[in-house]
Amino acid sequence: MKFVIAVDCEGPAGVVGAPGGSLNDAPAQYEFARRQATAEASATARGLFAAGATQVIVWDNHSRGVNLVYEDLDERCDIFHGVHAKRLAMLDASFAGLLFIGYHARDNTVAAPLAHTFSSATYQWIKLNGREVGELAIDAAVAGALGVPALFVASDDKCVAEAREFFPGITTVTTKIGYSWNAALSKHPRRVLAEIEAAAQQAARNRTQVKPFTLPGPLEVEIRHKRIDTADQACLPVQGWTRVDAYTVKRTIQKLTDFF
Ligand SMILES: [Zn+2]
C-alpha cells in the first residue's frame, strides 16, 4: 500500500510570510516553514505507516523543490524532489492515495494566508471550464486521472474549505485560522503534529470511501493576470492564448497535463 505526500510550505502551522512578497521573500519565515513542513510530513508518514503503508514518497514541491530538512524526515520515507516538468511524475495507478501537507488556498480567496495559484505575482485566478481552481484541485486531478484519490489535507481553514468543496469525504486538519494574506491564529506547531498523525492514519483507513477527483478534457483554461504586460506576453503568437480582456486570456486544451 503506497502513498504520496505532496508538501508545499505555505500551509503549515505558524507560517504567515510577510507583506510585500512571497514566502521566499521572508527568510526567517521560510526557514521555519521548511522545518514545520518537514515535521508535518513526518507526522503524516507515521500515520500512514501505522495504517499499513509499505511505501511513502514525500514530494517536496515548493518553489524549486528543495526545501525540506531531509535528515529530520521520518527515515522510512522516500523523497521526490527537485525540478521536473511533469507534476507527480513519480505517481502511477498502483498508489492508494495522495495526501497534502502545507498547501494553501487558491488565489482570489479572502483571509487565506499566502493564497496563490502557482504565482502570487502573476495570476489573479485560473479557471478550468469556468470553475476557479487552485494547486490542490490541479494536483488532485493529475492523481485522479490515474485513479488515485486525494485523501487528506492539513492547512489553514480556507484551504481546508476548498478541499472539502472539491473532494467530498476528504479527511482534514486545520493548522491555523486565516485572518488575512499575512495573518493567522495558528495552532502550536508541535501540538498540531499529533492531530495530523491520527488523522492521516484515519484517512488511509477510509481510502476506499473517497472517489478520485478528475478534470476530464477538453478544458477551457481562462487565466486572469495581475498585470497587463504578462497578459500581453501570453498572447504573443507562439504562446497560443487569445485575449478576453486586458488582464484575461484563454485557450482550450485536450487534457489536463497539457496545462503545464
Ligand atoms: Zn509553495
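Look a little higher up for the structure.
Attention in this report is confined to the structure presented alongside it. Predicted model, so just to flag it, every value in this text is computed and none were measured.

1. A few points about unusual backbone geometry
Okay, so step 1: Following Gly217, the chain continues to Pro218 via a peptide bond in cis, the omega torsion being 0°.
Okay, so step 2: In this fold, Pro218 is placed in the loop between α4 (191–205) and β10 (219–225).
Okay, so step 3: Here Leu88, not a glycine, exhibits a phi torsion of approximately 55°, which is positive.
Okay, so step 4: Here Leu88 is to be found in the loop between β3 (78–80) and β4 (95–101).
Okay, so step 5: The backbone of Asn108 shows a phi angle near 70°, a positive value even though the residue is not glycine.
Okay, so step 6: The topology assignment puts Asn108 in the loop between β4 and β5 (123–128).

2. Describing the pairing of strand β9 (residues 183–186)
Okay, so step 1: Only one face of β9 is buried, namely the one carrying Ala184 and Ser186, since none of Ala183 and Leu185 on the opposite face is buried.
Okay, so step 2: Inspection of the sheet shows strand β8 (residues 171–180) paired to β9 by 4 bridges, in the antiparallel sense. What sits directly across from Ile177, in β9, is Leu185.
Okay, so step 3: The hairpin formed by β8 and β9 contains 2 residues between the paired strands.

3. Here we look at the sheet that holds strand β1 (residues 2–7)
Paired through their backbone hydrogen bonds, the strands of a sheet run either parallel or antiparallel.
Okay, so step 1: As summarised here, the arrangement of the 7 strands in space is β3-β2-β1-β4-β7-β8-β9, forming an open sheet in which the pairing is mixed. Two strands close off the open sheet at either side, each with one partner strand: β3 and β9. On average, each strand axis in the sheet is inclined to that of its neighbour by 25°, with strand direction left out of account.
Okay, so step 2: For β4 and strand β7 (residues 150–156), the ladder comprises 4 bridges, and the chain directions are parallel. When the bridges of β7 are listed, Leu98 appears paired with Ala150.
Okay, so step 3: The strands touched by helix α3 (residues 157–166) are β7 and β8; relative to β7, the strand with the most contacts, the crossing angle is about 155°.
Okay, so step 4: Where α4 meets the sheet, its contacts fall on β4, β7 and β8, and the angle it forms with β8 comes to roughly 135°.

Here is what the cut-offs are and how they apply
- Residues numbered from 1 in each chain as written.
- Predicted model: local features only at pLDDT ≥ 70, side-chain atom pairs only at ≥ 80, totals over all residues.
- Helix = DSSP H or I, 4+ residues; strand = E, 2+ residues; numbered from the N terminus.
- Buried ≥ 20, exposed ≤ 12 C-beta atoms within 10 Å, placed from the backbone.
- Pairing = 2+ DSSP bridges.
- Axes fitted to C-alpha atoms, helices over the stretch in contact; angles between N-to-C directions.
- Contact = placed C-beta atoms within 7 Å.

Honestly, it's all geometry; don't read function into it.
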